[in-house]
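Listed below, chain by chain, are the residues.
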Amino acid sequence: MKEEYKPKIIQVSFKTTDIEDKLLYNWVLEKVRDVGGNKSAYIKSLLRKEMKKELEEN
């Protein structure tokens with residue numbers, strides 16, 4: 001029997017009272033719009049770049 005696919009989810013929250021969080025959130029939304037609106041794909045692409053960079057350093 002085939003195992004059912006369940007995506008793994010990491011929630012990220014931005015505090016609306018913190019100016020740095022507001023700036024970061026707005027920056028991310030702008031970047032996501034630039035690449036077609038897919039938040040998940042954009043964030044995963046950033047994480048992949050960081051992972052590759054870290055692996056190359058080690």
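It should be noted that the structure appears before, not after, this text.
Quick caveat: nothing in here was measured; it's all calculated off a predicted structure. (Residues numbered from 1 in each chain as written. Predicted model: local features only at pLDDT ≥ 70, side-chain atom pairs only at ≥ 80, totals over all residues. Heavy atoms only, no water.)

## Remarks on the environment of Gln-11
Here comes step 1: With respect to the secondary-structure elements, Gln-11 resides in the segment before α1 (19-34).
Here comes step 2: Along the primary structure Gln-11 and Glu-56 are separated by 45 residues, whereas in three dimensions their C-alpha atoms are 28 Å apart. (Helix = DSSP H or I, 4+ residues; strand = E, 2+ residues; numbered from the N terminus.)

## Regarding the side chain of Asp-21
Here comes step 1: Within the secondary structure, Asp-21 is located in helix α1.
Here comes step 2: Although Asp-21 is buried, it forms no salt bridge, and the closest oppositely charged side chain is Lys-15 at an N-O distance of 5.8 Å. (Buried < 20%, exposed > 50% of the residue type's maximum accessible area, 1.4 Å probe, protein only. Lys, Arg positive; Asp, Glu negative; His and termini not counted. Salt bridge = Lys/Arg side-chain N within 4 Å of Asp/Glu carboxyl O.)

## Digging into a negative patch on the surface
Here comes step 1: On the surface, a cluster of negative charge is contributed by Glu-50, Glu-54, Glu-56 and Glu-57.
Here comes step 2: Tracing the sequence through the fold places Glu-54 in helix α2 (residues 39-57).
Here comes step 3: Judged by relative accessible area, Glu-54 falls into the exposed class, the value being 52%. (Patch = residues over 30% accessible without salt bridge, like charges linked within 9 Å, V, L, I, M, F, W, Y side chains within 5 Å. Areas by Shrake-Rupley, 256 points an atom, 1.4 Å probe, with all protein chains shown as cover. Charge placed at Lys NZ, Arg CZ, Asp CG, Glu CD.)

## Comments concerning the packing of aromatic side chains
Here comes step 1: The tally for this structure, following the rule as stated, stands at 1 aromatic pair.
Here comes step 2: Ring plane angle 55 degrees and centroid distance 5.1 Å describe the contact between Phe-14 and Tyr-25, whose orientation is recorded as tilted. Highlighted residues: Phe-14 in the segment before α1 and Tyr-25 in helix α1, separated in sequence by 11 residues.
Here comes step 3: By relative accessible area, which is 37% here, Tyr-25 ends up partly exposed. (Phe/Tyr/Trp six-rings, centres within 6.5 Å; stacked < 30°, edge-to-face > 60°.)

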